[in-house]
Amino acid sequence: MKRTLLLKDKAYQELKDLLLDGSYPPGTFLSERKLGEQLGMSKTPIRAALERLETEGFVTTAPQQGIIVRELSLREIREHYEIRAALESYIVQQVAGKLSPEQITALEHNLETQQACIQRGDVKGHVQADADFHLLLAAFLGNAEIQKVMQHQRDKMFRVT
C-alpha cells in the first residue's frame, strides 16, 4: 500500500511538472494509458494523480471527451494575483526589519541571479528566480501553511507566464 502512495505522489509531481513546463499546453487531451507508458507506471497512480490535478484546477474531465488540460480564465488569473498580492503584503509586513544577516544574503544572492538572467535574456530563469525570491520571503516567515499556499499560487501562475 505504501508503494502505491509513493507512485501516486511521483505520478502527480511528474505530471504537474509536464503541465507547468508547457509539455501539455491548455486544450491538450490526456490519455491515462499514454501517460502511464510515458512515465512507466500503471493507470492506477496516473488516475490518482489526474484526480488530484483536477481538484487543483490543472485539468478537467469532460464527458465523452476525456481529460483536458485547463486554461485559466482571465477572472481566475486576476483572482490568483489578488491572493498573491494579499499574502505577499502580509509576509513583508511580518518579516520587515526581522531578517537575519544570512536571510538578507540569500535575498541579495537571488536578486543577483535575477539580474544575471535579465542580462542573458533568460526569461524562464528570471521568472523562476523571481518566484524563488517570493518563496524565500514566505519561508523566512516560518508559517508552513502560508508557504503551501504560496507554492500552490506560484504553480498556478507559472502557467500564465
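Residues numbered from 1 in each chain as written. Predicted model: local features only at pLDDT ≥ 70, side-chain atom pairs only at ≥ 80, totals over all residues. Heavy atoms only, no water.

Undergrad: I'm lost on the pattern of salt bridges in this one. Help?
TA: Side chains carrying opposite charge are able to pair once their charged atoms draw close together. Under the defined criterion, the tally for this structure stands at 14 salt bridges. Put simply, Lys-148 and Glu-145 hold a salt bridge, and the shortest N to O gap is 3.2 Å. Here Lys-148 and its partner Glu-145 are both found in helix α7 (residues 144–158), 3 residues apart, which amounts to about one turn of the helix. The exposure class assigned to Lys-148 is exposed, which follows from its relative accessible area of 54%. (Salt bridge = Lys/Arg side-chain N within 4 Å of Asp/Glu carboxyl O. Helix = DSSP H or I, 4+ residues; strand = E, 2+ residues; numbered from the N terminus. Buried < 20%, exposed > 50% of the residue type's maximum accessible area, 1.4 Å probe, protein only.)

Undergrad: Teacher, can you tell me more about the pairing of strand β3 (residues 66–69) here?
TA: Where strand β1 (residues 29–30) meets β3, 2 bridges bridge the pair, whose relative direction is antiparallel. Following the sheet pairing, Phe-29 is matched in β3 by Ile-68. Here strand β2 (residues 59–62) pairs with β3 via 4 bridges, running antiparallel. Looking across to β3, one finds that Val-59 is bridged to Val-69. Here β2 hands over to β3 after 3 residues, with Gln-64 in that stretch at a positive phi of 60 degrees. (Pairing = 2+ DSSP bridges.)

Undergrad: How do you make sense of the packing of helix α6 (residues 123–141) against α7 when you look at a structure like this?
TA: The relative placement of two packed helices comes down to the angle between their axes together with the axis-to-axis distance. Close contact between α6 and α7 brings their axes to 9 Å; oriented N to C, the two are set at 165 degrees. Judged by the angle between their axes, α6 and α7 are roughly antiparallel. Handedness of the α6/α7 crossing: right-handed. Contacts between α6 and α7 involve Val-127, Gln-128, Ala-131, His-134, Leu-135, Ala-138, Ala-139 and Leu-141 on the former and, on the latter, Ile-146, Gln-147, Met-150, Gln-151, Arg-154 and Phe-158. (Axes fitted to C-alpha atoms, helices over the stretch in contact; angles between N-to-C directions. Parallel < 35°, antiparallel > 145°, perpendicular 65-115°, else oblique. Left-handed = near helix turned anticlockwise from the far one by under 90°. Contact = heavy atoms within 4.5 Å.)

Undergrad: Explain the packing of aromatic side chains to me, please; I cannot follow it from the model alone.
TA: Here a ring pair, both rings aromatic, is described through the centre-centre distance and the interplanar angle of the planes. One pass over the full model with this rule turns up 0 aromatic pairs. The residue whose ring lies beneath Arg-52 is Tyr-12, and the NZ or CZ to ring-centre distance is 3.5 Å. Positioned above the aromatic ring of Phe-58 is the side chain of Lys-156, whose terminal nitrogen or guanidinium carbon lies 5.4 Å from the ring centre. (Phe/Tyr/Trp six-rings, centres within 6.5 Å; stacked < 30°, edge-to-face > 60°. Lys NZ or Arg CZ within 6 Å of the ring centre and 35° of its normal.)

Undergrad: Sorry, what's going on with the side chain of Glu-32 here?
TA: Structurally, Glu-32 can be placed in helix α2 (residues 32–39). Looking at Glu-32, the relative accessible area reads 18%, which means it is buried. When sequence neighbours within four positions are dropped, the list of residues in contact with Glu-32 reads Lys-43, Ile-46, Arg-47, Leu-50 and Ile-67.

Undergrad: Please clarify how the packing of helix α4 (residues 74–95) against α7 should be interpreted in this entry.
TA: Contact pair α4 / α7: the axes reach a minimum separation of 10 Å and the direction vectors enclose 145 degrees. Of the two elements, α4 crosses α7, and the hand of that crossing is left-handed. Contacts between α4 and α7 pair Ile-77, His-80, Tyr-81, Ile-83, Leu-87, Glu-88, Tyr-90 and Ile-91 from the former with Ile-146, Val-149, Met-150, Gln-153, Lys-156 and Met-157 from the latter.

Undergrad: I would appreciate a short explanation of the sheet that holds β2 in the present structure.
TA: Think of a sheet as strands paired side by side through backbone hydrogen bonds, with each pair either parallel or antiparallel. A sheet is described by the order of its strands in space; here 3 strands give the open sequence β1-β3-β2, paired in antiparallel fashion. In this open sheet, the two edge strands, each paired with only one partner strand, are β1 and β2. Against the sheet, helix α3 (residues 43–55) touches β1, β2 and β3, its axis set at about 105 degrees to β2.

Undergrad: Before we go on, may I ask you to explain the environment of Leu-137 in this structure?
TA: In this fold, Leu-137 is placed in helix α6. Taking the C-alpha atoms as reference, Leu-137 lies 9.2 Å from Gln-147; in sequence the two are 10 residues apart. Not counting residues within four places of it along the chain, the set of residues in contact with Leu-137 comprises Ile-91, Val-92, Val-95 and Leu-107.

Undergrad: So what exactly am I meant to see when it comes to the confidence of the model for the chain here?
TA: Overall, the prediction assigns the chain a mean pLDDT of 91, with 96% of residues at 70 or greater. By mean pLDDT, helix α1 (residues 2–20) is the weakest element of the chain at 84, and helix α5 (residues 101–120) is the strongest at 97. (pLDDT = per-residue confidence, 0-100.)

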